[in-house]
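# Fold and contact review
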Amino acid sequence: MLVLLPVAILVITGLAVLGMQRAKINIGYIWLTSLAGSVATLVMLLAINWDNVSPFTGSFENLPGSTGYPIVLDLDRFSWPYAFSLVGLLVTVLFTAAIRFQQQSNPSTWAFTILVTASGLLAVLATTPLAIILTWTAVDLTELTVLVLSERDKSLNQRTILAFIAKIGGSILVLWAIISTRVSGSILEITNVNPPHSVFILLACSLRLGVIPLHLPFTSEKMTRRGLGTVLRLVPPAASLVILGRLPANVVPPSYAVPVLLFCIIAAGYGAVMWLASEDDLEGRPYWMIALSGLAIAACVRGQPESVPAWGVAMIIVGGVVFLFSESRRSFLPIPIAAMLGLSGLPYTPLASGLPGISVYPFNLPDIFFIMVFGILLAGTYRQLMVKKYSGEILERWMLAIYVFGLVILILCHWIIGLLGMPTGLQAGIWWVALSAIILAILIILSIQWWERSKLGVFLHNDPRLKTGRKIWNILVIVFRFDWVYIAFGRILRITQRLAQFITRFLEGEGGVLWTLLLIILLATYVMIGGSK
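Here's what I pulled together on the structure shown here. (Residues numbered from 1 in each chain as written. Predicted model: local features only at pLDDT ≥ 70, side-chain atom pairs only at ≥ 80, totals over all residues. Heavy atoms only, no water.)

Attention now moves to the overall build of the protein. Each helix and strand in the protein was counted, giving 19 helices and two strands. Classification of the 533 residues of the protein by burial places 53% in the buried group. Long-range contacts, defined as pairs at least 24 residues apart, comprise 82% of the intrachain contacts of the protein with a sequence gap of at least 6. For the protein, the accessible surface area stands at approximately 25,000 Å², while carbon and sulfur atoms represent 69% of it. (Helix = DSSP H or I, 4+ residues; strand = E, 2+ residues; numbered from the N terminus. Buried < 20%, exposed > 50% of the residue type's maximum accessible area, 1.4 Å probe, protein only. Contact = heavy atoms within 4.5 Å. Areas by Shrake-Rupley, 256 points an atom, 1.4 Å probe, with all protein chains shown as cover.)

In a regular helix each residue adds 1.5 Å, so 18 residues correspond to 26 Å; helix α4 (residues 107-124) covers 26 Å between its end C-alpha atoms and thus fits that length. Within α4, 17 of the 18 residues are buried, which leaves it mostly tucked inside the rest of the structure. (Expected span 1.5 Å × (residues − 1).)

The contact between helix α10 (residues 285-301) and helix α13 (residues 365-386) brings their axes to 11 Å, and the two run at 150°. Comparing their axes, α13 and α10 come out roughly antiparallel. Viewed along their axes, α10 and α13 form a crossing whose handedness is left-handed. Here α10 contributes Trp288, Ala291, Leu292, Leu295 and Ala298 to the contact with α13, which in turn contributes Phe370, Val373, Leu377 and Thr381. Partitioned by chemical class, the residues of the contact of α10 with α13 number eight nonpolar, one polar and no charged. (Axes fitted to C-alpha atoms, helices over the stretch in contact; angles between N-to-C directions. Parallel < 35°, antiparallel > 145°, perpendicular 65-115°, else oblique. Left-handed = near helix turned anticlockwise from the far one by under 90°. Nonpolar A, V, L, I, M, F, W, Y, C, P; charged D, E, K, R; others polar.)

Quick look at helix α12 (residues 334-343) now. Among the residues making up α12, those that are buried are Ile335, Pro336, Ala339, Met340, Gly342 and Leu343. Taken end-on, α12 shows its buried residues confined to a sector of 160°, consistent with a single buried face. Tucked into the core, α12 has its buried residues touching α10, α11 (308-324), α13 and α14 (397-421). (Arc of directions from axis to C-beta.)

A few words now on unusual backbone geometry. Generally, phi is negative for residues other than glycine and the peptide bonds are trans, each holding for most cases. One non-glycine residue with positive phi stands out, namely Lys24, at about 60°. Looking at where Lys24 falls in the secondary structure, it is placed in the loop between α1 (5-22) and α2 (27-48). Relative accessible area serves as the criterion here: at 76%, Lys24 is assigned to the exposed category. One non-glycine residue, Tyr348, lies in positive phi territory at about 65°. Along the chain, Tyr348 turns up in the loop between α12 and α13.

Before going further, it helps to spend a moment on the packing of aromatic side chains. With the rule as written, the count across this model stands at eight aromatic pairs. With a centroid separation of 4.8 Å and an interplanar angle of 15°, the aromatic rings of Trp80 and Phe84 are classed as stacked. Linking Trp80 with Phe84, this pair stays in helix α3 (residues 79-96), spanning four residues, or about one helical turn. Grouping aromatic residues by their ring pairs yields a cluster made of Trp275, Trp288 and Phe323. (Phe/Tyr/Trp six-rings, centres within 6.5 Å; stacked < 30°, edge-to-face > 60°.)

In this section: a nonpolar patch on the surface. On the surface, a cluster of nonpolar side chains totalling about 970 Å² of accessible area is made up of Phe363, Leu365, Ile368, Phe369, Met372, Trp431, Trp432, Leu435, Ile439 and Leu443. Looking at the nonpolar patch, the elements with two or more residues in it are α13 and α15 (431-453). Among the residues examined, Phe363 registers a relative accessible area of 44% and is labelled partly exposed. (Patch = residues over 30% accessible without salt bridge, like charges linked within 9 Å, V, L, I, M, F, W, Y side chains within 5 Å. Salt bridge = Lys/Arg side-chain N within 4 Å of Asp/Glu carboxyl O.)

The full count for this structure, using the stated rule, is four salt bridges. For Arg77, the salt bridge identified is with Glu306, shortest N-O distance 3.4 Å. Of this pair, Arg77 sits in the loop between β2 (71-73) and α3 while Glu306 sits in the loop between α10 and α11; the two residues are 229 residues apart in sequence, bridging distant segments of the chain. Its relative accessible area of 41% is what places Arg77 among the partly exposed residues.

Another point: the packing of helix α9 (residues 254-277) against α10. A pair of packed helices is characterised by two quantities: the angle between their axes and the separation of those axes. Orientation of α9 relative to α10, taken along the N-to-C sense of each, is 155°, at an axis distance of 7 Å. Between α9 and α10, the interaxial angle falls into the category roughly antiparallel. Along this stretch, α9 crosses α10, giving a crossing that reads as left-handed. Along its contact with α9, which presents Ala257, Val260, Leu261, Cys264, Ala267, Ala268, Tyr270, Gly271, Ala272, Met274 and Trp275, the element α10 presents Arg285, Tyr287, Trp288, Ile290, Ala291, Gly294, Leu295, Ile297, Ala298 and Val301. Of the residues contributing to the contact of α9 with α10, the split by class is 18 nonpolar, two polar and one charged.

Another aspect to go through is the environment of Leu144. Topologically, Leu144 is positioned in helix α5 (residues 129-150). Residue Leu144 is classed as buried on the basis of its relative accessible area, which comes to 18%. Note: C-alpha distance between Leu144 and Phe164 (20 residues apart in sequence) is 6.9 Å.

Here we take up the side chain of Thr92. Along the polypeptide, Thr92 turns up in helix α3. The residues contacting Thr92, other than those within four sequence positions of it, are Leu324, Gly406, Leu407 and Leu410.

What follows is about the environment of Ile358. In this structure, Ile358 sits in the loop between α12 and α13. Residues Ile358 and Ala299, spaced 59 residues apart in sequence, show a C-alpha to C-alpha distance of 5.9 Å. Setting aside chain neighbours within four positions, we find Ile358 in contact with Leu295, Arg302, Trp311, Asp367, Phe370, Phe374 and Val433.

This is the structure in structure tokens:
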């Protein structure tokens, strides 16, 4: 039961914050309470890493067909990096909340952030198929509840529900894998699953990552963009990426490996390019997730599942630093430098253990594309970190000091995970891959700076003959944002709702009884005719 204690602490802290808000207690005490519970959870996870705790095991003994499928929650070498990074992100969000009091940062958003993190922490602990389905559902329900309560825009609420339905598809695929293995006379085990059942697990994780298909829900959200918004974005991918690290090396049959790798290259490349081209970090946040998810899936498909945690942790921690780095000062320059160093993949840096997933032996053509994607991702991260950001608010020195301290904690969490928590440990990695990506990133950054300053770039930007090209680019961006998918599903749901309402009014009207009797007679006649034949 000790493995569930961190989750329990977060749930109790979140509920306590909501209760203190209703009791109208001073906001300073509420903030300290939320921070104390989160920091205590982070310290506890760090202590648990040195002391092996027993997993929690439960089962539905009276449920038919559940034999052989226990509910196991464990804090092992695959789940601990994600658990520690999620709680570290939560602590940083609460520390940096000091400068967002005028941006809808209040006790309710703190409580929602804590509860969403608790659901994500529970999900990364799941090690068995039934536990995965239940914890994924818990994450989805928590996210759905928080988004519906936080957003007053009905159109965004509708898209929230549609995205929830899409994520449920991932759980259905896991359930289908359980059924298919049961039919074949075996029991599904995540660490020992073989094709074709492993393909269902891979598709389930990819569907929830937003990589298959390339859907970007809530790309126009107007709710709290930093803090709660960052946690809402990064928790669901963490709950899926942890599963990829547990899969065996032969997760994809050789006949499917090339198409899947091609899709990963397209997805990761598209995400990296759009991340580089985004006007700000919040607009590019979905593309950051797609790029890192594509690289993580590629590592799994190429037989390097132990490289997946490095990419998943980088998505959470480096992404958290980028999205929470909302105040730029010259004295804050070490923060983006430290974040970039953790993402560089240089020897004995946290991401070094992830490079074997994008460059395997022997060197081949996909390696070149993945290294290019990594270089573009580095260039985009540098660009987003170095953009001058000012909230326009008058901030006191203590606010800025707490804000910087929170970001430093998150960066330290990255190095702690790299040193203590990665499945392969802190290693040299593949130094020439990191160096090649860094050189490419430098060339991209210098080219962009030259283009923005040169007369040629200004001339071509204003040239009316290039308007057609810019229109085509804007159309492609709109198409690949996949907002049109949510609009289409919304219209289908509205048509179905109107049809159901029409049938209900038709049957409940004055002639409803007669129509019901007529339908029963027709059905009985059809059954009798079929039986006679």
